[in-house]
Amino acid sequence: DAEITQSPRHKITETGRQVTLACHQTWNHNNMFWYRQDLGHGLRLIHYSYGVQDTNKGEVSDGYSVSRSNTEDLPLTLESAASSQTSVYFCASSGERDTDTQYFGPGTRLTVL
Amino acid sequence: AQSVTQPDIHITVSEGASLELRCNYSYGATPYLFWYVQSPGQGLQLLLKYFSGDTLVQGIKGFEAEFKRSQSSFNLRKPSVHWSDAAEYFCAVGVDTGRRALTFGSGTRLQVQP
């Protein structure tokens, strides 16, 4: 069955370190998204991609970057981790039609000390 | 900018009682609207979605939602709640030109009493 996976599921890092969170989907979806979830804020969009070599900034993109070199993967990089980036990160993907459902991964819990 | 408001942070209902979760949105064009459910420690699962047509939308697990343009609302309902419905519920609106990236509300946590 097609799926979307995230790794690691849990990570603890220190302030100032570079961190990369992986997202891999086997749906062959062109659209991929990264969200962060914080108490009281719901999910907020960080970056999104509508295809290979395409990336776009979302609502809370400062301090994050993504690159899309193939259809299956959209890694999220924190260039210099900050305590304010402690959060749960969700990756999602969807087909090309506006009406296609967006499927979410299981999430990565990141703690920045 | 687009926004979604879920005015109820936490709701408790008795098992078997009816449920209505409120959602109001702000969006300039015709919105694409979604309800997702998140069980503890899990990702999000789509309950239902509205794009056009019939304003009463049926979803999975016995949920339905009604789009009311005049009230900018998309409230989620269930006639009889089960203990397994305890979870967090998120309303979302599709944004950007393709309306595929989502803006979420802050969520409503549902507790079900026996």
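Scroll up to find the structure this text is about.
The notes below deal with the structure included here. Since the structure is predicted, the reported quantities are computational estimates derived from the model, not experimental observations.

**Some points on the side chain of T71 of chain A**
Here comes step 1: Inspection of the secondary structure assignment puts T71 of chain A in the loop between β7 (64–66) and β8 (76–78).
Here comes step 2: Discounting chain neighbours no more than four positions away, the residues touching T71 of chain A are Q25, N28, H29, N30, M32 and V52 of chain A.

**Observations regarding the sheet that holds β7 of chain A**
Residue and element names in this part refer to chain A.
Here comes step 1: Spatially, β1-β3-β8-β7 is the arrangement adopted by the four strands of the open sheet, whose pairing is antiparallel. With partners counted over all chains shown, the strands left at the sheet margins are β1 (4–7) and β7, one partner each. Geometrically, the sheet is characterised by an average inter-axis angle of 20 degrees between neighbouring strands, direction not taken into account.
Here comes step 2: Note: strand β3 (residues 19–25) against β8, three bridges, orientation antiparallel. In the sheet register, T20 faces β8, and the bridge partner there is T77.

**Some details on the nonpolar core**
Here comes step 1: Counting 27 residues, the largest nonpolar core has L19, W35, L47, L48, F74, L76 and Y89 of chain B as its most contacted members.
Here comes step 2: Elements with a minimum of two residues in this core: β2 (10–14), β3 (19–21), β5 (33–38), β6 (44–50), β8 (64–68), β9 (73–78), β10 (87–94) and β12 (108–113) of chain B.
Here comes step 3: Not counting chain neighbours up to four residues away, the residues in contact with L76 of chain B comprise L19, E20, L21, W35, L47, L48, F63, E64, A65 and Y89 of chain B.
Here comes step 4: Formed by 20 residues, the second largest nonpolar core is a distinct cluster that contains V88 and F104 of chain A together with Y32 and A101 of chain B.

**A few points about the state of the cysteines**
All names here are of chain A.
Here comes step 1: This model, assessed by the stated rule, comprises two disulfides over all chains.
Here comes step 2: A sulfur-sulfur separation of 1.8 Å characterises the disulfide bridge that pairs C23 with C91. Measuring the twist about the S-S bond at about -70 degrees, one finds the C23-C91 disulfide to be left-handed. Of the two residues, C23 is situated in strand β3 and C91 in strand β9 (residues 87–94); the sequence distance between them amounts to 68 residues.

What counts, and where the lines are drawn
- Residues numbered from 1 in each chain as written.
- Chains lettered and ligands numbered in written order.
- Predicted model: local features only at pLDDT ≥ 70, side-chain atom pairs only at ≥ 80, totals over all residues.
- Heavy atoms only, no water.
- Helix = DSSP H or I, 4+ residues; strand = E, 2+ residues; numbered from the N terminus.
- Contact = heavy atoms within 4.5 Å.
- Pairing = 2+ DSSP bridges.
- Axes fitted to C-alpha atoms, helices over the stretch in contact; angles between N-to-C directions.
- Core = buried A, V, L, I, M, F, W, Y, C linked by side-chain atoms within 4.5 Å.
- Buried < 20%, exposed > 50% of the residue type's maximum accessible area, 1.4 Å probe, protein only.
- Disulfide = S-S within 2.5 Å.

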